[in-house]
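Remarks on the overall topology
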Amino acid sequence: AQSVSQHNHHVILSEAASLELGCNYSYGGTVNLFWYVQYPGQHLQLLLKYFSGDPLVKGIKGFEAELIKSKFSFNLRKPSVQWSDTAEYFCAVKSTSGTYKYIFGTGTRLKVLA
Amino acid sequence: KAGVTQTPRYLIKTRGQQVTLSCSPISGHRSVSWYQQTPGQGLQFLFEYFSETQRNKGNFPGRFSGRQFSNSRSEMNVSTLELGDSALYLCASSLSDSIAEAFFGQGTRLTVV
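So, here is what we can say about the structure in this document. (Residues numbered from 1 in each chain as written. Chains lettered and ligands numbered in written order. Predicted model: local features only at pLDDT ≥ 70, side-chain atom pairs only at ≥ 80, totals over all residues. Heavy atoms only, no water.)

On a plain count of helices and strands, chain A comes out with zero helices and 12 strands. When its helices and strands are written in sequence order, chain A yields β-β-β-β-β-β-β-β-β-β-β-β. Relative to its length of 114 residues, chain A is compact, with a C-alpha radius of gyration of 14 Å against a globular reference of 13 Å. Its C-alpha atoms put chain A at 45 × 30 × 20 Å along the principal axes. For chain A, the proportion of its 114 residues judged to be buried stands at 47%. Within chain A, contacts between residues separated by at least 24 positions form 55% of all contacts whose residues are at least 6 apart in sequence. (Helix = DSSP H or I, 4+ residues; strand = E, 2+ residues; numbered from the N terminus. Rg over C-alpha atoms; globule rule 2.2 N^0.38 Å. Buried < 20%, exposed > 50% of the residue type's maximum accessible area, 1.4 Å probe, protein only. Contact = heavy atoms within 4.5 Å.)

In terms of helices and strands, chain B carries zero helices and 11 strands. In sequence order, chain B lays out its α and β elements as β-β-β-β-β-β-β-β-β-β-β. For a compact globule of 113 residues, the expected C-alpha radius of gyration is about 13 Å, and chain B comes in at 13 Å, within 12% of that figure. Taken along its principal axes, the extent of the C-alpha atoms in chain B is 40 × 30 × 25 Å.

Across the boundary between the two partners, chain B contributes 22 residues, which contact 23 residues of chain A. In total, about 1800 Å² of surface goes out of reach between chain B and chain A, with carbon and sulfur atoms giving 55% of it. Our enumeration of links across chain B and chain A arrives at one salt bridge. Put simply, chain B and chain A have six residue pairs in polar contact (both at pLDDT 80 or more) between them. (Buried area = accessible area lost by both parts, 1.4 Å probe. Salt bridge = Lys/Arg side-chain N within 4 Å of Asp/Glu carboxyl O. Polar contact = N/O pair within 3.5 Å; in protein donor to acceptor, adjacent residues only side chain to side chain.)

Here the focus is the environment of H29 of chain B. All names here are of chain B. For H29, the location among the structural elements is in the loop between β3 (19-24) and β4 (31-38). On the accessibility criterion, H29 (5% relative accessible area) is buried. The spatial distance from the C-alpha of H29 to the C-alpha of A102 is 9.7 Å, given a sequence separation of 73 residues. There is a polar contact of 3.4 Å between the side chain of H29 and the backbone nitrogen of S94.

Inspection of the secondary structure assignment puts D85 of chain B in the loop between β8 (74-78) and β9 (87-94). According to the relative accessible area criterion, D85 of chain B is buried, its value standing at 4%.

Let's shift gears to the nonpolar core. Judged by nonpolar contacts, the single largest core of 30 residues is most densely connected at W35, L48, L76 and Y89 of chain A. Apart from residues no more than four positions distant in its own chain, Y89 of chain A is found in contact with Q6, L21, W35, Y36, V37, L47, F63, L76, G107, T108 and L110 of chain A. (Core = buried A, V, L, I, M, F, W, Y, C linked by side-chain atoms within 4.5 Å.)

In this section: the sheet that holds β3 of chain B. Residues and elements named next belong to chain B. Across the sheet, four strands lie side by side as β1-β3-β8-β7; this open sheet has antiparallel pairing. Lying at the two open borders of the sheet, with one neighbouring strand each, are β1 (5-7) and β7 (64-68). The sheet shows a mean angle of 20° between the axes of neighbouring strands, taken without regard to direction. In terms of strand pairing, β7 meets β8 through five bridges, oriented antiparallel. Opposite S65, over in β8, you have N77 as the bridge partner. (Pairing = 2+ DSSP bridges. Axes fitted to C-alpha atoms, helices over the stretch in contact; angles between N-to-C directions.)

What follows concerns the pattern of salt bridges. As enumerated under the stated definition, the model contains 11 salt bridges over all chains in all. A salt bridge links R109 of chain A to E88 of chain A, with the shortest nitrogen-to-oxygen separation between them at 3.6 Å. In this pair, R109 of chain A sits in strand β12 (residues 108-113) while E88 of chain A sits in strand β10 (residues 87-95), placing the two residues 21 residues apart along the sequence. Taking relative accessible area as the criterion, R109 of chain A reaches 45% and is therefore assigned partly exposed. Two residues, R73 of chain B and E75 of chain B, come together in a salt bridge whose shortest N-O distance is 3.4 Å. By sharing partners, the salt bridges in this structure join K58, E64, E66 and R77 of chain A into a single network.

In short, shape yes, function no, at least from these values alone.
Structure, rendered in structure tokens:
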């Protein structure tokens, strides 16, 4: 069965610290990969997406993610977090054929201390 | 362009009642998906519609149903509400192809008492 695991449920960092949020997926075919962010009181927004090509994907606000196919991982990184990065982060996969639904992870709540 | 619009934003219902939620997708988007978001569970896929046809359905009981109209607007209905149905219900629209990203609405917060 398709699944997405986000192992870090809550992360607390100080400003300027580096961030890495883990995401592992389980899927038998080719997938597209996404990271979404939900700021407090706001709707889900796309941070970045991977379709093909370079496994290192750069997104908005200084975020990036690296796909490691051999490990089925798509971890999100940011070298230096800001207080405004406090939000919930969701990893998602979508099949490239057949279904058109997203499978989301359970999310990681990030709190950045000023 | 206008984003995904969900109405109402908040609802309080009692057990046993039914509820209908509405979603207006971004203009030109023909795919509409619904998700249930609860703390600790993340987003659980409910169903996806494209051109008035349900293409995918998640693992939810038959009390959860939906439909899509010819203008791509979608409604979701939950009958015989249970306390566990309390959640944020999110609607997302996208173009039809597999690489298209989903654009989410702000959701409808349903509280069942």
